[in-house]
Amino acid sequence: MVSNKAKQKKATVHTLGCRLNQSESHIIREKLEEAGYRYVPFGEKADLAVINTCTVTREADAKSRQAIRQFIRKNPGAFTAVLGCYSQMGAKDIAEIAGVDLIIGNQNKLSFLDYVGHGKNERPLIVRDRIDKNDFSISFAGDLPFEKRANLKIQDGCNFMCSFCVIPFARGRSRSRDYKNLIQEAQSLVERGVREIVLTGVNIGTYNNHDCDILSIVDHLNILSGLLRIRISSIEPTTVPEALLDRMADPDHILLPYLHIPMQSGSDKILQLMRRKYAICDFVKFINNAANNVPNLCIGTDILTGFPGEGEKEFDETCQVFLDNPFAYCHVFTYSERKGTPAIRESEIVPVSERNRRGAFLRKLNSKRRYNYYESYLGKTMEVLFEDKRQGIWPGYTGNYIRVVSDTSQDLRNRLARVHLEKISADYVEGSLVKVLN
Ligand code: SF4
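Quick caveat, the model's predicted, so the values are computed rather than measured. (Residues numbered from 1 in each chain as written. Predicted model: local features only at pLDDT ≥ 70, side-chain atom pairs only at ≥ 80, totals over all residues. Heavy atoms only, no water.)

This paragraph deals with the domain arrangement of the protein chain. As far as domains go, the protein chain holds domain 1 (9–127), domain 2 (132–256), domain 3 (258–376) and domain 4 (381–436). For domain 1 versus domain 4, the distance between C-alpha centres works out to 34 Å. (Domains from an automatic or database assignment.)

Around the ligand sit Cys 158, Phe 160, Met 161, Cys 162, Phe 164, Cys 165, Ile 167, Pro 168, Val 202, Glu 236 and Arg 276, and that is every residue in its neighbourhood. Along the lines of polarity and charge, the residues of the shell around the ligand split into nine nonpolar, no polar and two charged. (Near = heavy atom within 4 Å. Nonpolar A, V, L, I, M, F, W, Y, C, P; charged D, E, K, R; others polar.)

For Ser 176, the position within the fold is in strand S9 (residues 175–176). Every residue in contact with Ser 176, bar those within four places of it in the chain, is listed here: Asp 135, Phe 136, Ile 154, Gln 155, Thr 206, Tyr 207, Asn 208 and Asn 209. (Helix = DSSP H or I, 4+ residues; strand = E, 2+ residues; numbered from the N terminus. Contact = heavy atoms within 4.5 Å.)

Before going further, it helps to spend a moment on the sheet that holds strand S10 (residues 194–200). The strand order across the open sheet formed by three strands is S7-S10-S11, and the pairing between neighbours is parallel. Pairing within the sheet leaves two strands with one partner each, and these edge strands are strand S7 (148–153) and strand S11 (229–232). The average angle at which neighbouring strand axes cross in this sheet is 25°, direction not considered. With four bridges joining them, S10 and S11 adopt parallel strand pairing. (Pairing = 2+ DSSP bridges. Axes fitted to C-alpha atoms, helices over the stretch in contact; angles between N-to-C directions.)

Under the criterion given, the structure shown has 27 salt bridges. Lys 153 serves as the salt-bridge partner of Asp 156, at 2.9 Å between the closest nitrogen and oxygen. We note that Asp 156, like Lys 153, is buried. In this structure, Asp 388 engages Arg 413 in a salt bridge whose closest nitrogen and oxygen atoms are separated by 2.4 Å. Here the residue Asp 388 occupies a position in the loop between strand S15 (381–386) and strand S16 (394–398), and Arg 413 occupies one in the loop between strand S17 (403–406) and strand S18 (416–425), the gap between them amounting to 25 residues. Note on Asp 388: relative accessible area 29%, which makes it partly exposed. (Salt bridge = Lys/Arg side-chain N within 4 Å of Asp/Glu carboxyl O. Buried < 20%, exposed > 50% of the residue type's maximum accessible area, 1.4 Å probe, protein only.)

Structure below.
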């Protein structure tokens with residue numbers, strides 16, 4: 001006899017790119033489960049794949065294509081739906097890949113199920129509507145289990161038009177999620193076991209809906225019973241209200257001391273060419289003020305190497321700013337030309353090999369810096385929110401983003417505990433359990 005489970009169609013979701021894509025992929029997964037599919041991890045045999053793509057760099061395009069091909073090769077005859085930023089910007093290129101059935105841009109990505117019923121096609125169906133300019137709500141499934149940490153989408157799109165960035169075209173203009181709707185989802189997440197909510201979007205500091213801003217959100221979530229932590233994801237330098245730092249410093253507020261703030265370059269000449277909205281001295285002043293006022297603050301940043309016009313001098317300036325200031329880590333991106341962006345008209349092109357060399361150099365600085373950051377916490381006792389046990393040990397993060405593992409027979413899944421940090425191993429810190437707090 002064939003069990004119901006065996007008869008159930010299987011679906012998988014693969015996510016490329018940012019936290020915002022991850023949060024949307026979670027909603028996509030919930031929609032699939034609600035529609036009766038059994039979710040399986042990407043890489044296992046499936047009847048349907050949703051590939052949520054990224055187009056921020058050329059490398060992201062290539063990785064998206066690779067994932068699509070990988071699924072089709074392993075699952076001939078399955079239905080392949082390609083969603084997201086690369087679908088928005090490169091639908092024609094995706095349509096060239098034999099076996100793709102559906103290509104949906106960002107406007108319709110969360111209603112992808114409406115198009116899946118069309119079945120397999122000779123040529124893919126392309127749905128790429130104009131991106132709406134209005135604020136939005138998201139329908140979410142309130143009854144599926146969800147534990148530990150969840151990304152909560154509060155905003156989409158961006159109006160800043162940095163000269164290298166394709167995101168304002170891929171995701172449209174800045175718009176905010178309906179305040180009530182996002183609070184309802186936050187409540188539902190907490191009821192389903194979530195202990196940490198990460199606020200995500202493209203430019204979350206510009207959130208504004210019915211006179212509510214990002215501070216209104218963190219203060220509202222602060223009083224949600226059962227929620228232990230709020231984290232904000234990447235936030236643009238000119239958009240962080242001082243009061244947000246006060247919340248991070250306040251021991252009675254559950255907003256974590258974590259600030260990922262993209263610098264992109266340490267050279268004013270390059271920042272201007274990039275059309276960033278600050279001078280490097282203001283950026284440096286801001287992060288030092290933050291570090292001085294928020295105890296145990298983790299400051300991370302993004303740096304883009306090889307932007308046109310970046311010579312040795314400008315690159316050195318960037319490395320120097322990174323080394324001289326209280327950063328815990330940086331994410332390094334290598335500049336690549338994106339169609340439609342003003343930067344591709346710049347003439348002082350940096351050869352690709354040089355862009356890569358600079359990227360590799362900065363990554364080395366970053367490894368050292370992250371090590372030093374972890375080292376500065378050895379011997380201290382920190383609170384860690386633990387995830388599922390993996391390979392016999394419990395992994396988790398401190399509020400200020402130190403990856404910690406603990407080897408104990410106690411069940412730490414989804415628990416907050418005080419941990420004594422003892423030793424750096426690979427890219428995490430080993431710690432011994434002091435006390436479970438929840
Ligand atoms: S702030 Fe600049 S880099 Fe960030 S999404 Fe907007 S345009 Fe792109």
